[in-house]
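Read off the chains here:
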Amino acid sequence: MPAVDIPGSKSITARALFLAAAADGVSTLVRPLRSDDTEGFAEGLARLGYRVGRTPGAWQVDGRPQGPAVAEADVYCRDGATTARFLPTLAAAGHGTYRFDASPQMRRRPLGPLSRALRDLGVDLRHEEAEGHHPLTVRAAGVEGGEVVLDAGQSSQYLSALLLLGPLTRRGLRIRVTDLVSAPYVEITLAMMRSFGVDVVRDGEVFEVPAGGYRATTYEVEPDASTASYFFAAAAVTPGREVTVPGLGSGALQGDLRFVEVLRRMGAEVEVAADRTTVRGTGVLHGLTVNMRDISDTMPTLAAIAPFASGPVLIEDVANTRVKECDRLEACAENLRRLGVDVATGPDRIEIRPGEPRPDVRIKSHGDHRVVMSFAVTGLRVPGLSYDDPDCVRKTFPSFHETFSTLRTTG
């Protein structure tokens, strides 16, 4: 098929919005993702008094190194985890009283380790209901900085939030991490901070972040590698099909592009060029054991194609997928069992055995965009699959179903 135009990265767009808001000057974000999550982030910035100008191909942000332009704000973070974790951290660097709330789904997701770290840095942060969860209020008076210890074992976003805050503090930050999942996302944060003029020094589990602020820039957002995984997987499960994603190549920031190496191990042909990646289905799909700790957002994609492998697929070290938009590990297991597939799970693993999924099954999405998009790949080989909430894909890819439907008519 022709090249697939994948929307911009959600993770990169969110970080770019934070950095642009914190920078000195006006930044332009080229080809940002327009989805429910990123629109929610931009709307949150606007509620905090930042000017965000949006045109179809670019967003412009007037940076305010001194923090929000308003002394009081009420911000609704929708379903967005980056919005719900990054914006209170950004607001802490300013001066005022800022309340944050989120959707019921996001209220269930944990925030505690980040809240504790911010409090250790002197931030007046109070959870209104359940400790460690939204809603919360930040009474901001700037952040002095200094040393802090962080547990990032549930989410790398806690560490990214503190790294992004560091240059806005008066003395800089020295962050000691006791555990870290999804480490490639932290590499994205560090690389993007460099683009906005800040170099972080890492020594093992210690990150030294200098004070001094960010410089405005023009920043081009690369396509979303997690979203691309569904199209790469579609090629791998269909003999003779080829999928190319331009803009994602050997220089890509996102660790989730490593998913194509999993497909290569399973038997697909993979070509990673400087500016594009191509996957071809060979008609072979081997079973394998794979540690997906660092690329756990693509775990559902692999789970969805695992029944078509010639042997068992064992996915290990993905305990953090249980605290995403839903318990993704159990959601995948539940839907595979509904399809008649033999599945075994443990606290941090899922094993899927080969089988022919039954047709005409309704997939339970649990309101999670990645569950729906992953099982759309299964649907290329299994007729009659439907979803209880197909529209939840608007979180990251509003036109997913239209784009993916082209795979049903091309080979």
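In this text, all values refer to a predicted model and were calculated from it rather than measured experimentally.

K.L.:
Would you mind showing me how to read the packing of helix H1 (residues 10–22) against helix H2 (residues 36–47) here?
P.N.:
A pair of packed helices is captured by two measures, namely the crossing angle of their axes and the spacing between those axes. The N-to-C vectors of H1 and H2 enclose an angle of 10°; their axes lie 10 Å apart at closest approach. Our classification of the angle between H1 and H2 gives roughly parallel. Where H1 approaches H2, its residues Lys 10, Thr 13, Ala 14, Leu 17, Phe 18 and Ala 21 are matched on the opposing element by Asp 37, Thr 38, Phe 41, Ala 42 and Leu 45. When its residues are assigned to classes, the contact of H1 with H2 shows seven nonpolar, two polar and two charged.

K.L.:
Any chance you could explain the nonpolar core here in plain terms?
P.N.:
Taken as a class, soluble globular proteins show a tendency for nonpolar side chains to be buried jointly. Residues Phe 100, Leu 159, Leu 162, Leu 163, Ile 175 and Tyr 214 are the most contacted members of the largest nonpolar core, which totals 74 residues. Considering every element that reaches this core, the biggest residue donor is H1, with nine residues. Among all residues touching Leu 162, those that are not within four sequence positions of it are Leu 114, Ala 117, Leu 118, Leu 121, Val 148, Leu 150, Leu 173 and Ile 175. By size, the runner-up hydrophobic cluster in this structure holds 68 residues, among which are Ala 236, Ile 315, Val 361 and Phe 397.

K.L.:
How should I be thinking about the environment of Val 323 in this particular structure?
P.N.:
Tracing the chain through its elements places Val 323 in the loop between strand E19 (313–316) and helix H11 (328–338). The spatial distance from the C-alpha of Val 323 to the C-alpha of Pro 110 is 7.4 Å, given a sequence separation of 213 residues. Not counting residues up to four positions away in its chain, the partners in contact with Val 323 are Arg 109, Pro 110 and Gln 154.

K.L.:
Help me out: how do you make sense of the packing of H2 against helix H3 (residues 81–92) in this one?
P.N.:
Closest axis-to-axis distance for the H2/H3 pair is 10 Å, and the angle between their directions is 20°. Overall, the two elements H2 and H3 adopt an arrangement that is roughly parallel. The handedness of the crossing between H2 and H3 is right-handed. On the side of H2, the interface is formed by Asp 37, Gly 40, Phe 41, Gly 44 and Leu 45, while H3 contributes Thr 82, Thr 83, Phe 86, Leu 87 and Leu 90. When grouped by side-chain class, the residues that make up the contact of H2 with H3 number five nonpolar, four polar and one charged.

K.L.:
I keep staring at the side chain of Thr 278 and nothing clicks. Help me out?
P.N.:
Topologically, Thr 278 is positioned in strand E17 (residues 276–280). For Thr 278, the contacting residues outside a window of four places in its chain are Glu 242, Val 243, Thr 244, Glu 269, Val 270 and Glu 271.

K.L.:
Would you explain H11 in this entry?
P.N.:
Within H11, the full set of buried residues consists of Arg 328, Leu 329, Ala 331, Cys 332, Ala 333, Asn 335 and Leu 336. Of the surrounding elements, those touching the buried residues of H11 are helix H10 (299–305), strand E20 (343–346), strand E21 (349–352), strand E22 (362–363) and helix H12 (369–378). After H11 finishes, the residue Gly 340 shows a positive phi value of roughly 85°.

K.L.:
Sorry if this is basic, but what is going on with unusual backbone geometry here?
P.N.:
Negative phi values dominate among residues other than glycine, just as trans dominates among peptide bonds. Omega for the bond connecting His 134 with Pro 135 falls within 30 degrees of zero, at 0°, which places this linkage in the cis form. Counting through the fold element by element, Pro 135 comes out in the loop between strand E7 (124–127) and strand E8 (136–141). The phi torsion at Arg 78 lies on the positive side, around 55°, for a residue other than glycine. By secondary structure assignment, the location of Arg 78 is in the loop between strand E5 (72–76) and H3. Its identity is not glycine, yet Asp 360 carries a phi of approximately 60°, on the positive side. Owing to a relative accessible area of 61%, Asp 360 belongs among the exposed residues under this scheme.

K.L.:
It is not clear to me how helix H8 (residues 225–236) should be interpreted in this structure. Could you clarify?
P.N.:
The first and last C-alpha atoms of H8 sit 16 Å apart over 12 residues, in line with the 16 Å expected at 1.5 Å per residue. Burial within H8 is extensive, with 12 of its 12 residues counted as buried. Along H8, the positions that sit buried rather than exposed are Ala 225, Ser 226, Thr 227, Ala 228, Ser 229, Tyr 230, Phe 231, Phe 232, Ala 233, Ala 234, Ala 235 and Ala 236. The distance from a side-chain oxygen at the start of H8 to the backbone nitrogen of Ser 226 is 3.0 Å, and the residue carrying that oxygen is Asp 224.

K.L.:
Looking at this structure, I do not really get the sheet that holds strand E10 (residues 173–180). What am I missing?
P.N.:
Strand-to-strand pairing in sheets goes through backbone hydrogen bonds, with the strands running parallel or antiparallel. With mixed pairing, the four strands of this open sheet are ordered in space as E9-E10-E12-E11. Every interior strand has two partners, whereas the edge strands, strand E9 (146–152) and strand E11 (201–203), have only one. Each strand axis lies, on average, 20° off the axis of its neighbour in the sheet, ignoring direction. When E10 meets strand E12 (residues 206–209), the two strands line up antiparallel, connected through four bridges. Residue pairing for E12: Arg 176 is matched across the bridge by Val 206.

K.L.:
Sorry if this is basic, but what is going on with the pattern of salt bridges here?
P.N.:
Think of it this way: side chains of opposite charge can pair up when their charged atoms draw near. By the definition in use, this model includes 41 salt bridges. Two residues, Asp 124 and Arg 126, come together in a salt bridge whose shortest N-O distance is 2.9 Å. Between Glu 316 and Arg 349 there is a salt bridge, with the nearest N and O atoms lying 3.4 Å from each other. Placement of the pair is Glu 316 in strand E19 and Arg 349 in strand E21, with a sequence separation of 33 residues. Salt bridges sharing common partners tie together Lys 10, Asp 37, Arg 109, Asp 297, Lys 324, Glu 325, Arg 328, Asp 368 and Lys 395.

Definitions and cut-offs
- Residues numbered from 1 in each chain as written.
- Predicted model: local features only at pLDDT ≥ 70, side-chain atom pairs only at ≥ 80, totals over all residues.
- Heavy atoms only, no water.
- Axes fitted to C-alpha atoms, helices over the stretch in contact; angles between N-to-C directions.
- Helix = DSSP H or I, 4+ residues; strand = E, 2+ residues; numbered from the N terminus.
- Parallel < 35°, antiparallel > 145°, perpendicular 65-115°, else oblique.
- Contact = heavy atoms within 4.5 Å.
- Nonpolar A, V, L, I, M, F, W, Y, C, P; charged D, E, K, R; others polar.
- Core = buried A, V, L, I, M, F, W, Y, C linked by side-chain atoms within 4.5 Å.
- Buried < 20%, exposed > 50% of the residue type's maximum accessible area, 1.4 Å probe, protein only.
- Left-handed = near helix turned anticlockwise from the far one by under 90°.
- Expected span 1.5 Å × (residues − 1).
- Polar contact = N/O pair within 3.5 Å; in protein donor to acceptor, adjacent residues only side chain to side chain.
- Pairing = 2+ DSSP bridges.
- Salt bridge = Lys/Arg side-chain N within 4 Å of Asp/Glu carboxyl O.

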